[in-house]
Amino acid sequence: MIFAEHFTYKKLLRYAISPIIMMIFTSIYSVIDGLFVSNFVGKEAFAAVNFILPYLMLFSSVGFMFGTGGSALIAKTLGEKRAQKANEIFSSLVLVSALTGAVFAFIGFLLLRPVAVWQGASGELLENSLLYGKIYLFGIPACVIQFEFQNLFATAGKTKLGLFSTVTSGVSNILLDALFVGGFSWGLVGAAAATILSELIGALFPLFYFCRPNSSSLRFVKCRPDTKAILKICANGSSEMISNLSIAVVSLLYNVQLLRYAGDNGIAAYGVLMYINFLFTAIFWGYVVGVSPIVSYHYGSENKKELHSLLCKSLVIICVGSVLMFTISELCSAPISRIFVGYDAALLDMTRHGFFLFSFCFLFAGLAIFFSAFFTALNNGLVSALLSSSRVFLFQVPAILILPSFFKLDGIWLSLVCAELLTALLGAVMLLAKRKKYRY
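Reading the values: the criteria
Residues numbered from 1 in each chain as written. Predicted model: local features only at pLDDT ≥ 70, side-chain atom pairs only at ≥ 80, totals over all residues. Heavy atoms only, no water. Helix = DSSP H or I, 4+ residues; strand = E, 2+ residues; numbered from the N terminus. Rg over C-alpha atoms; globule rule 2.2 N^0.38 Å. Contact = heavy atoms within 4.5 Å. Salt bridge = Lys/Arg side-chain N within 4 Å of Asp/Glu carboxyl O. Buried < 20%, exposed > 50% of the residue type's maximum accessible area, 1.4 Å probe, protein only. Phe/Tyr/Trp six-rings, centres within 6.5 Å; stacked < 30°, edge-to-face > 60°. Polar contact = N/O pair within 3.5 Å; in protein donor to acceptor, adjacent residues only side chain to side chain. Axes fitted to C-alpha atoms, helices over the stretch in contact; angles between N-to-C directions. Left-handed = near helix turned anticlockwise from the far one by under 90°. Nonpolar A, V, L, I, M, F, W, Y, C, P; charged D, E, K, R; others polar. Core = buried A, V, L, I, M, F, W, Y, C linked by side-chain atoms within 4.5 Å. Patch = residues over 30% accessible without salt bridge, like charges linked within 9 Å, V, L, I, M, F, W, Y side chains within 5 Å. Areas by Shrake-Rupley, 256 points an atom, 1.4 Å probe, with all protein chains shown as cover. Disulfide = S-S within 2.5 Å. Parallel < 35°, antiparallel > 145°, perpendicular 65-115°, else oblique.

(A) Representation of the overall build of the chain. Secondary structure assignment for the chain yields 16 helices and 0 strands. By the compact-globule yardstick of 22 Å for 440 residues, the chain fits well, its C-alpha radius of gyration being 21 Å. Along the longest, intermediate and shortest principal axes, the C-alpha atoms of the chain span 60 × 45 × 35 Å. Long-range contacts, defined as pairs at least 24 residues apart, comprise 84% of the intrachain contacts of the chain with a sequence gap of at least 6.

Laid out in structure tokens, this is it:
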């Protein structure tokens with residue numbers, strides 16, 4: 001079992017690189033949609049995609065809960081040398097997640113228009129948002145399955161196979177967007193259809209792979225739904241779902257504030273910042289996807305020495321990566337903004353200025369993500385959920401509501417910076433508080 005080995009910096013990064021690339025390609029879906037829509041359809045349609053996307057993300061984020069919570073429990077069970085039980089939990093998890101995705105998609109259809117109207121959409125913005133959203137929601141079940149397998153491929157010891165699946169899906173999205181939006185001029189319909197088809201590719205591949213005999217640690221087996229295990233998975237993985245829900249919930253509040261302070265241009269500018277945030281934080285998420293099952297395995301096998309080594313090395317990697325991402329974002333803010341909205345001078349200036357302030361969040365986001373994921377890997381969903389929920393409801397929501405009163409539009413750009421900083425500090429406090437219990 002590869003998890004039983006000692007992980008040096010080189011081995012840790014080598015194992016994590018596939019999940020990192022996998023997460024980057026997953027984040028490409030919305031980025032590519034936005035890029036093609038902005039340049040081929042116009043800023044009004046671009047604003048509509050950014051406006052409704054946070055709502056759509058609410059329903060796919062359950063995949064992260066099943067993936068992270070399931071990965072932690074399955075890896076811990078493997079560490080306890082109970083391979084058959086691990087496969088039963090795995091099989092039950094995938095079935096439940098597919099059904100949950102279908103139910104969530106139906107709920108999404110029912111609430112789509114009321115939520116869009118509540119945020120303040122009207123006229124062309126409302127109609128475009130509904131058009132894109134109705135088509136996108138058909139792909140939610142596939143999206144949930146794809147998101148959970150980003151973690152489960154790592155748990156199965158098949159990170160390269162997971163990378164192949166995700167890259168294939170991501171490249172398909174790029175090509176289909178180019179064909180449907182750029183070539184056939186199908187506009188928002190083409191962008192949404194491209195995303196659905198590429199998500200189906202990302203979901204069907206792992207289902208076919210694990211249905212057949214394979215060389216991984218996991219495979220589908222006959223089983224009864226394990227209610228106890230599923231509930232534990234949901235409780236433990238809830239923090240990661242909250243982290244992703246927070247992006248969606250907070251983005252809904254951003255939309256309300258941006259319409260108030262900057263109109264449609266503010267929505268479009270914020271969309272660019274969110275796309276870059278997706279790509280950069282995907283690197284952190286990819287790292288924790290790779291390292292989490294290793295942490296869970298050594299926690300299950302009670303190897304405290306390796307657990308300590310993994311924590312120390314991860315903190316160094318995260319801190320170095322944070323500084324690099326901040327530097328890159330500052331240097332690239334102008335050219336990246338120009339790629340998306342270079343056709344509109346006023347919108348470009350707003351985006352570049354917002355980018356400069358927003359980039360400071362990358363100094364702290366990695367630590368905030370890692371602390372939460374680390375406690376999930378230790379099967380302590382309570383602490384992990386505390387960190388994730390505090391990030392949203394204790395730090396970010398008040399910042400979005402209060403800071404614009406003092407700093408206008410700049411307050412909106414700085415709100416995430418404040419939230420990430422305070423969450424990272426809280427995570428450090430919890431890490432120190434729990435050190436005697438876990439002896440890491």
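(B) Region of interest: the pattern of salt bridges. Tallying each qualifying case throughout the model produces 5 salt bridges. Glu-80 is paired through a salt bridge with Arg-82; the nearest N and O atoms lie 2.9 Å apart. Residue classification places Glu-80 among the partly exposed residues on the basis of a relative accessible area of 30%. A salt bridge links Arg-391 to Glu-420, with the shortest nitrogen-to-oxygen separation between them at 2.8 Å. Pair noted here: Arg-391 is in helix 14 (residues 381-407) and Glu-420 is in helix 15 (residues 409-433), with a separation of 29 residues, a long-range link. The network of salt bridges with common partners includes Lys-76, Glu-80 and Arg-82.

(C) Structural detail: the packing of aromatic side chains. Going through the model one piece at a time under the given rule, you end up with 32 aromatic pairs. A centroid spacing of 5.1 Å and a plane angle of 80° characterise the contact between Tyr-55 and Phe-59, whose relative ring orientation is edge-to-face. Here Phe-59 and Tyr-55 lie together in helix 2 (residues 43-60), a separation of 4 residues that amounts to about one turn. The pair Tyr-55 / Phe-59 is uniform in exposure class, with both members buried.

(D) View of the environment of Pro-19. When you line up the elements, Pro-19 lands in helix 1 (residues 9-40). Sequence separation between Pro-19 and Phe-40 is 21 residues; the distance between their C-alpha atoms is 32 Å. In this structure Pro-19 touches Thr-159, Gly-286, Val-289 and Gly-290, once residues within four positions along its chain are discounted.

(E) Layout of the side chain of Lys-313. Mapped onto the elements, Lys-313 comes out in helix 11 (residues 304-341). For Lys-313, the side chain forms a polar contact with the side chain of Ser-309, separated by 2.7 Å. Once residues lying within four places of it in the same chain are set aside, the contact partners of Lys-313 are His-6, Phe-7, Thr-8, Tyr-9 and Leu-12.

(F) A look at the packing of helix 4 (residues 83-118) against helix 6 (residues 140-155). Contact pair helix 4 / helix 6: the axes reach a minimum separation of 7 Å and the direction vectors enclose 145°. Considering the relative orientation of helix 4 and helix 6, their crossing is right-handed. In this structure, helix 4 contributes Phe-90, Leu-93, Val-94, Ser-97, Ala-98, Gly-101, Ala-102 and Ala-105 to the contact, and helix 6 contributes Ile-140, Pro-141, Val-144, Ile-145, Glu-148, Phe-149 and Leu-152. Tallied by class, the residues present in the contact of helix 4 with helix 6 amount to 12 nonpolar, 2 polar and 1 charged.

(G) A look at the nonpolar core. Of all hydrophobic cores here, the largest spans 140 residues; its most connected members are Tyr-55, Ile-74, Tyr-132, Tyr-287, Phe-375, Trp-413 and Tyr-440. Beyond its immediate stretch of four places on either side in the chain, Phe-375 contacts Asn-236, Asn-380, Val-383, Ser-384, Leu-387, Met-430, Leu-431, Lys-434, Tyr-438 and Tyr-440.

(H) How the structure looks around unusual backbone geometry. Here the phi dihedral of Lys-81 falls at roughly 65°; this positive angle occurs in a residue that is not glycine. In this structure, Lys-81 sits in the loop between helix 3 (62-79) and helix 4. By relative accessible area, Lys-81 is classed as exposed at 64%. One non-glycine residue, Ser-185, adopts positive backbone phi at about 60°. Take Ser-185: it is sitting in the loop between helix 7 (159-183) and helix 8 (187-211). Taking the relative accessible area as the measure of exposure, Ser-185 reaches 59% and is therefore exposed.

(I) Region of the structure containing a nonpolar patch on the surface. A surface patch of nonpolar side chains, about 440 Å² in accessible area, is lined by Tyr-9, Val-316, Val-320, Leu-324 and Ile-328. Take the nonpolar patch: its biggest share by element is 4 residues, from helix 11. In this fold, Ile-328 is placed in helix 11.

(J) Focus on the state of the cysteines. Counted according to the given criterion, the structure contains 0 disulfides. With no disulfide partner, Cys-319 has as its closest neighbouring cysteine sulfur the one in Cys-312, 12 Å distant. The structure places no disulfide on Cys-332, whose sulfur is separated from the nearest cysteine sulfur, that of Cys-361, by 15 Å. The exposure class of Cys-332 is partly exposed, given its relative accessible area of 27%.

(K) Spotlight on the packing of helix 10 (residues 263-300) against helix 11. The geometry of helix 10 relative to helix 11 is characterised by a closest axis approach of 8 Å and an angle of 165° between their N-to-C directions. Our classification of the angle between helix 10 and helix 11 gives roughly antiparallel. Here helix 10 runs over helix 11; the crossing is right-handed. Of the residues belonging to the contact of helix 10 with helix 11, the class tally is 20 nonpolar, 5 polar and 1 charged.

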